[in-house]
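These are the residues of each chain, in order.
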Amino acid sequence: MISTELKNAVRDIPDFPKPGIIFKDITPILKDAKLCSEVIEAFVSRMGTNKIDVIAGIESRGFLFGLMLANRLQIPFVPIRKQGKLPAKTIQEPCELEYGSAILELHADALQAGQRVMIHDDLLATGGTVSAATRLVQKLGGTVAGYSFVISLDFLNGKEKLKAVSENIIILASY
C-alpha cells in the first residue's frame, strides 16, 4: 500500500526550520525510483476521469512529482514560485505560511482562460500556500480541477480550506 511505503520513507527532522517544528522530509522517497513511479501511478489512478489540462506545481518540492505527473499525463506543467524567481511578466499573490509569509508568482501567460488545473505540492499543512496558488490560477481564468499532495498533516486542517474550491483532493499519506 502506497501510504505505508511513503510513511516508511519520509523522515522527521526535528526543529526545522525553527524550534518546535517537526519537518516531514520527502527527499528519501526520491532515492527510490520504484517508489517514485508508484507515487505517480497512485496519483493517476486517483484522478479517475477528472479532466486535467495543466499541472501547476508549487515551489520547490511541488516541482518534483508535479512535473513527473504532467509528463505522465502528457499535459503542460507550470511552476508557481516565490517572488523574484520567474523571468517573464508575472502575477502575484501573498500567502501565509506555517512559519511566516511570502509572495507567490505565476507567469502571466502560464494559463489560458478555462483551462482545468490540478495544483500539486509535496505537503498540505495549513493550506495557506495552496490557497494563494488557487487565487493565482483563478486570476488567470483557470479552473481548479483539484489538488494533489504526497502527504498531509491532517491535524492542521488545510484540507478544509480547499473543499470550498474543489472536493477533488488527492492525498497519498496522512499524518
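Residues numbered from 1 in each chain as written. Predicted model: local features only at pLDDT ≥ 70, side-chain atom pairs only at ≥ 80, totals over all residues. Heavy atoms only, no water.

**Overview of the overall build of the protein chain**
Piece 1. Scanning the protein chain for helices and strands turns up five helices and nine strands.
Piece 2. If you list the helices and strands of the protein chain from N to C, you get α-β-β-α-β-α-β-β-β-β-α-β-α-β.
Piece 3. The C-alpha radius of gyration of the protein chain comes to 15 Å, within 12% of the 16 Å expected for a compact globule of 175 residues.
Piece 4. Projecting the C-alpha coordinates of the protein chain onto the three principal axes gives extents of approximately 40 × 35 × 30 Å.
Piece 5. Counting every position in the protein chain, which comprises 175 residues, the buried fraction comes to 50%.
Piece 6. In the protein chain, of all internal contacts separated by at least 6 residues, the share reaching a separation of at least 24 is 58%.
Piece 7. Carbon and sulfur atoms form 52% of the exposed surface of the protein chain, whose accessible area is close to 8,500 Å².
Piece 8. In the protein chain, which carries 20 positive and 19 negative side-chain charges, the distance between the mean positions of the two groups comes to 2 Å. (Helix = DSSP H or I, 4+ residues; strand = E, 2+ residues; numbered from the N terminus. Rg over C-alpha atoms; globule rule 2.2 N^0.38 Å. Buried < 20%, exposed > 50% of the residue type's maximum accessible area, 1.4 Å probe, protein only. Contact = heavy atoms within 4.5 Å. Areas by Shrake-Rupley, 256 points an atom, 1.4 Å probe, with all protein chains shown as cover. Lys, Arg positive; Asp, Glu negative; His and termini not counted. Charge placed at Lys NZ, Arg CZ, Asp CG, Glu CD.)

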